[in-house]
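# Descriptive analysis of the structure
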Amino acid sequence: MTFDRSIKIAPSILAADFANFGAECAAAEAEGADWIHVDVMDGHFVPNISFGPSTCAAIRPHIKGVMDVHLMIAPVDPYIDAFADAGADILTAHIEAGPHIHRTVQAIRGADVKAGVALNPGTPASAVEDLLDSIDLICVMTVNPGFGGQKFIDLTAKIRALRKMIGDRPVHIEIDGGVDATTAPLVAKAGADVLVAGSAVFRGGSVTNPAPYGENIRAIRAAAMGTYA
Ligand code: DX5
Ligand code: ZN
């Protein structure tokens, strides 16, 4: 994976057809997705259960590009090797998931995977300050994690603070929750480069009719880049 700050659209398969993950990932990529965002939920850290490492391993061959795995689980450390073996390119752990986030990001990098940290809406930007040289991505949650389709929480001041704090370091700012063509420009302008979108990408289409995915992805990208589609 090479680093750049261009806008990347990362469809979340939480909004895809769970009986067709492989085909959904391939369709989203064919329609212009840059990364595929994979939401893992444990029913403990968040009030919902999605799937685990074997599902990630099963969909991996259907993703040509970056598999971006968002771990909404606690504890994280006992499962890092399983998700690394499943083929994740990025593993993002929540800073709120335990007392030893520095150990967690070290373990992720030790497994030869890019390390991300996610911040819940109530967690301040300053919480990642001492991690900036140890991570590859900060995921700013703009909803409380657990479900797709929730209303965007405006945290542009936090995104701006993070962008300033990162400086020249090769660290992505990813936004997750309620991103669509209306909210994308706000977060892109504040300094985000990876935009996760579930419902705003998968709505209106299906594996047999994937063209709406492309229209949705292009609309979000154009809005983020300031050239409204
Ligand atoms: C929320 C997940 C998100 C979610 C985004 O807990 O981490 O990735 O799927 O869904 P939308 O884009 O519908 O808010
Ligand atoms: Zn997510």
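Every value quoted in this text rests on a predicted model; they were computed, and no experiment measured them. (Residues numbered from 1 in each chain as written. Chains lettered and ligands numbered in written order. Predicted model: local features only at pLDDT ≥ 70, side-chain atom pairs only at ≥ 80, totals over all residues. Heavy atoms only, no water.)

## Examining the overall build of the chain
Along the chain, the regular secondary structure elements total eight helices and eight strands. Each principal axis of the C-alpha distribution contributes one length, and for the chain these read about 45 × 35 × 35 Å. Scored against the burial criterion, the 229 residues of the chain give a buried share of 54%. Sequence-distant contacts in the chain: of pairs separated by 6 or more residues, those separated by 24 or more amount to 66%. Within the structure as shown, the chain displays about 9,600 Å² of accessible surface, and the carbon and sulfur contribution to it stands at 52%. (Helix = DSSP H or I, 4+ residues; strand = E, 2+ residues; numbered from the N terminus. Buried < 20%, exposed > 50% of the residue type's maximum accessible area, 1.4 Å probe, protein only. Contact = heavy atoms within 4.5 Å. Areas by Shrake-Rupley, 256 points an atom, 1.4 Å probe, with all protein chains shown as cover.)

## Let's talk about the coordination of the zinc ion (ligand 2)
Binding of the zinc ion (ligand 2) to the protein goes through His 37 (NE2), Asp 39 (OD), His 70 (ND1) and Asp 176 (OD), at separations of 2.0 to 2.3 Å. For the zinc ion (ligand 2), the six donor atoms in the first shell make angles of 69 to 172° at the metal, a pattern classed as octahedral. One chain supplies every donor to the zinc ion (ligand 2), and in sequence these donors are spaced H-x1-D-x30-H-x105-D. Here the residue His 37 occupies a position in strand E2 (residues 35–41), and His 70 occupies one in strand E3 (residues 66–72), the gap between them amounting to 33 residues. According to the relative accessible area criterion, His 37 is buried, its value standing at 0%. (Donors = N, O, S within 2.8 Å, 3.2 Å for Na, K, Ca; no water. Tetrahedral: all angles 85-135°; square planar, octahedral: opposite > 155°, others 65-115°.)

## Some thoughts on the nonpolar core
Generally speaking, a soluble globular protein has its nonpolar side chains buried in company with each other. Among the nonpolar cores identified, the biggest contains 73 residues, and Ile 138 and Leu 195 are the most heavily contacted of them. Beyond its immediate sequence surroundings of up to four residues, Leu 195 is in contact with Ile 7, Lys 8, Ile 9, Ala 10, Ile 175, Val 179, Ala 184, Val 187, Ile 220 and Ala 224. Membership of the second largest hydrophobic core comes to 11 residues, among which are Trp 35, Ile 90, Ala 118 and Val 143. (Core = buried A, V, L, I, M, F, W, Y, C linked by side-chain atoms within 4.5 Å.)

## Points about the environment of Ile 135
Inspection of the secondary structure assignment puts Ile 135 in the loop between strand E5 (114–119) and strand E6 (137–141). Residue classification places Ile 135 among the buried positions, given a relative accessible area of 2%. Other than its neighbours up to four places away in sequence, Ile 135 contacts Val 105, Arg 109, Ala 115, Val 117 and Val 171.

## Some details on the UniProt feature "active site" (unreviewed entry) in the chain
Annotation from UniProt places "active site" (unreviewed entry) at Asp 39 and Asp 176. Despite a sequence span of 138 residues, these residues sit close together in the fold, their greatest C-alpha distance being 10.4 Å. Structurally, Asp 39 is set in strand E2. Residues within four places of Asp 39 in sequence aside, it is in contact with Ser 12, Leu 14, Ser 50, Phe 51, His 70, Met 72 and Asp 176. (UniProt positions renumbered as here; feature names shortened; annotations may be inferred.)

## Here's the deal with helix H1 (residues 21–30)
Within H1, seven of the 10 residues are buried, which leaves the element mostly enclosed by the surrounding structure. Taken residue by residue, H1 has Phe 21, Gly 22, Glu 24, Cys 25, Ala 27, Ala 28 and Glu 29 as its buried positions. The secondary structure elements touched by the buried residues of H1 are strand E1 (8–11), E2, helix H2 (53–59), helix H7 (199–202) and helix H8 (211–224). Positive phi shows up at Gly 32, right after H1, with a value of about 115°.

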